[in-house]
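As a plain string of letters, each chain reads:
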Number of protein chains: 2
Amino acid sequence: LIILSPLSLNHTFGRSWVSKSDLSSIVERPQRLLAASIGIAAALSLFPQNFKVYLSNFKSSLYSHHVVKIHGKKWPQEIEKLCQESEKKLAKNQMEVPEGWPNGDIYLNKNTILALKGVVGTLEKSVDSIFDEKTRFFNSFKKVFVVIRPPGHHSHPCTPSGFCLINNAQIAIQYASDTYNITHAVILDIDLHHGDGTQDICWKRAGFNSENLVSDFDSAFDLNINKNEFSNNKYDSSTKKKSLDPKVGYFSLHDINSFPTELGHATASRIKNASTCLIGHGLCIWNVHLQKYKDDNEFYQQYKTRYNQILSKAEEFLTQEKLEYKNKLDDYYIQLDRYNKTKSQSFQTQNYIFDENQKNSLDHNENYNKNYNKGFQLKKPLKPAEFKPMIVISSGFDASEYESQNMRRHDVHVPTSFYCNFTKDVVKLSEKFTKGRVLSLLEGGYSDAALCSGIFSHLIGLADCNWKENWGKEETIKELTKGCRTKWKQIKYPRNELQRWATQVIKLGRLLLPDSII
Amino acid sequence: LIILSPLSLNHTFGRSWVSKSDLSSIVERPQRLLAASIGIAAALSLFPQNFKVYLSNFKSSLYSHHVVKIHGKKWPQEIEKLCQESEKKLAKNQMEVPEGWPNGDIYLNKNTILALKGVVGTLEKSVDSIFDEKTRFFNSFKKVFVVIRPPGHHSHPCTPSGFCLINNAQIAIQYASDTYNITHAVILDIDLHHGDGTQDICWKRAGFNSENLVSDFDSAFDLNINKNEFSNNKYDSSTKKKSLDPKVGYFSLHDINSFPTELGHATASRIKNASTCLIGHGLCIWNVHLQKYKDDNEFYQQYKTRYNQILSKAEEFLTQEKLEYKNKLDDYYIQLDRYNKTKSQSFQTQNYIFDENQKNSLDHNENYNKNYNKGFQLKKPLKPAEFKPMIVISSGFDASEYESQNMRRHDVHVPTSFYCNFTKDVVKLSEKFTKGRVLSLLEGGYSDAALCSGIFSHLIGLADCNWKENWGKEETIKELTKGCRTKWKQIKYPRNELQRWATQVIKLGRLLLPDSII
């Protein structure tokens, strides 16, 4: 299943005073959705039976429990206020983004809030479609690719960063936890950039103080509010459902020389953040760095020896947690057994107390103590929540070989086939742990060619089909990308089979999301 | 070659008011040297031809360039002052260590300074013995194990931590750089604990600001002085020797639940520190965490799949740096060639300028610019410093299966054979990159049994011989450890071969360092 949120088109850049060359640096544009549509159409044209596309106009509140749990209440209020004020400010040629914010990356307009509500609503429906087996919403597809923007993985609890305002992946997981009792999640992040925001939220989930986690920017911002959100909102352990705070493992493949660890941004703490490899202290975080490669052979050698660590460590995490759940369950049954026996013995315990004066052996004392404890202190044990993990892919396509030169300035990237092959490996993992369920969310990917080719390849992988080399060839992608132009016109006399196919794909893609062409 | 510094015995605990039970928590004791001697004697008794033991009474100034480069001038002054004052304070039953210092770990007395001077002098001689091929000092042994205390790997530039006051490994490397033009070093740290101090100094060497690196404790201390030390002391690039600031890679195998990431100490930043895996931004740091294991088979499976990463990443670091040197050298020859040609052409360049008005083609302009630059701006290129790496092992033995229960409370350890097998792998690495040169420095290891067995096994590995299982058996180590008792008396009638051998070993060990018995 592929779910697109056309409401995402509402997030647009509104600074009219900006020069044309500066405007071209705004790469996180509504037009990304059109490129995505054409990538989707390409996959659809080849395997029509494997996909269903759904346009989601669902909206949900930025004050939903799953948003507030991650971001607190003050952060959505702040965004909402800024969006409301932005129209007037922009009209006066004033910057709509507060001082101190990364205004080269972040922009706002009055409808940004609509885009964000669409994101939250679409995330909810995507999770529903995967987990709600009763209503068979969308026939309960097990794998969903969600096209939304702005992306989310740089978003800290109350800090916008990169192009991100709210953390889509963590919100989706929180919703799945609240609604479907998800106990664990792994986030596999293949965006070119380190998802520092997503990772930070994992530290918070593990109970760490925000003081240690804040980026340089956070400290300037009001974090106290959020800290309280996190501590006051602790789930009440008395009811089963609410005690589920999902444990989230974060696994990222990224470029250590790109934002947020690009020279100029790269403080030691950010670099350490993006280089953390840890299973312990209640956390599972694994960061792997992209390398240069000469040809596909060398790339797949690196994939085998380095990159697939994000998969093997995710598997290690899920295996360990599953084992721990089994141990807890065994322990529960032992405790329950003891509890039931004690209940029936509690009257006898009284006799032991009277017996005490008769014998004074150590043995007896021990017995006395044991039974005393049993009779008076044993509580009925709580059955541990069922181990129920989910898998999320933070699907960024900006590491693609077809990404723009500027984005690729550090010279590390991946071949287009990677998106298919990696996704197939994720599908394998999902068959082991989540009954084949995978939630994939669009993160970065900025050039038309990167989005179009990357999403095409990713979807082929999600359908567990094989990628063919010529689908990722430059001439193919070039033809498809033509369809991303606003004023694209159908070629009357296609010169070859490729052009014929590309034309059909483009027509379909533009049909999927007609609003994006305006 | 094995070098012991008997001056290390001078660092003793002098708080007379401390209760016996508290005294037993002081595990970093002078008696560690005796346990080390018996471990040494065990190896010596089996392979007398492979070892030479040297007692070093060398002392060197705490204001030597290689110490000041790492720690600044203020830090040795501070220690010296505290040591001088400690006698009076201790006599008055006052704490000799300033408030805010970790006084459970760190202690001082007036002779501590003597121990530290002995450490620095012994480090110098150890490096000399490896690199000074002319004087054939100690017959130029290529592998040296150095027995010194206090250990050094927790020591930050101006922060004492763990039991450490100065960073022995980094001082040795700095001395090797200053004296023998060492350009690169790898530090392989197998202590149970993360060498946070050593790693921090690597960040500083890479030019990072101390602000980002300081531990919680650092911030309380006066770091400004040290920051200036680091920036003011920048090597002058005009002379070849001084431009050698060695690039140091740090590779550590440790327990993520022990100090400095033990619960109570474990801030997020310390955990990230101890979990950093990074090749980039001018740094090479790789941290691997010890796992539990059931039997030797499982342990060596983990060794193969996880732990040997500290070796493979060290190899990757050295390979990359060597390649980079070769590229620099190639570039140098190209530049030199261009320089020489330009010199002979510089007169002709003048003619080009006159020609300019005649032809105005783009080609011509380019030629003109090129030649202009050549004639007036080309400097004679500097030949890059020869690639000359060294390998240092931070040999802590506190991860041993024979370490005390308290030190092993997190239940991760290594079999005694590990110290031999790992060291043999280091020897292999040294044959590839450093002509077989290895400098091994004693770090932690606190129980007599851990030190004795660990050092025994480590030395067998350093001699590139094979470890035999029964050497590490409990009964063997038990017999040897008897010799660590101050009042040990030779058994008159040994009951078996083992006791006969152990008696000889103990006699030899106690002979090596007679002062330690007092």
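Residues numbered from 1 in each chain as written. Chains lettered and ligands numbered in written order. Predicted model: local features only at pLDDT ≥ 70, side-chain atom pairs only at ≥ 80, totals over all residues. Heavy atoms only, no water.

Undergrad: Account for the confidence of the model for chain A, naming residues and giving values.
TA: Residue and element names in this part refer to chain A. Chain-level pLDDT for chain A is 85 on average; 85% of the residues reach the 70-or-more range. Under a pLDDT of 50 for its full length, residues 211-244 has, in the predicted model, 75 contacts with residues more than four places off or in other chains. Here the complex is predicted with pTM 0.86, and the ipTM for its interfaces comes to 0.82. (pLDDT = per-residue confidence, 0-100. Contact = heavy atoms within 4.5 Å.)

Undergrad: An account of the interface of chain A and chain B is needed here, citing residue identities and associated values.
TA: On the side of chain B, 25 residues touch chain A, which itself brings 24 residues to the contact. Together, the buried faces of chain A and chain B total about 2200 Å²; carbon and sulfur atoms form 55% of this surface. Where chain A packs against chain B, one counts two salt bridges. The set of elements that each furnish at least two residues to the side of chain A that touches chain B consists of α7 (196-205), α10 (268-273), β6 (277-280) and α12 (309-355) of chain A. Ranked by residues supplied to the side of chain A that touches chain B, first place goes to α10 of chain A with five residues. Per-class residue counts for the side of chain A that touches chain B are nine nonpolar, 10 polar and five charged. (Buried area = accessible area lost by both parts, 1.4 Å probe. Salt bridge = Lys/Arg side-chain N within 4 Å of Asp/Glu carboxyl O. Helix = DSSP H or I, 4+ residues; strand = E, 2+ residues; numbered from the N terminus. Nonpolar A, V, L, I, M, F, W, Y, C, P; charged D, E, K, R; others polar.)

Undergrad: Go over the side chain of S275 of chain A with me, naming the residues and quoting the values.
TA: Looking at the element boundaries, S275 of chain A is found in the loop between α10 and β6. The residues contacting S275 of chain A, other than those within four sequence positions of it, are I256, N287 and H289 of chain A together with S275, T276, C277 and L278 of chain B.

Undergrad: Describe the domain arrangement of chain A, and please don't skip the residues or the numbers.
TA: All names here are of chain A. Domain parsing of chain A yields domain 1 (2-214 + 245-307 + 388-511) and domain 2 (315-386). Taking the mean C-alpha position of each, domain 1 and domain 2 sit 49 Å from one another. Each side of the interface is counted separately: domain 1 has 15 residues, and domain 2 has 10 residues. Between domain 1 and domain 2 the total buried area reaches about 1100 Å² when both faces are included, carbon and sulfur atoms providing 70% of it. For domain 1, the biggest contributors to the area lost against domain 2 are H184, I279 and F433; these three give 41% of the whole. Taken together, the elements giving at least two residues each to the side of domain 1 that touches domain 2 come down to β4 (184-189), β5 (247-254) and α14 (417-433). (Domains from an automatic or database assignment.)

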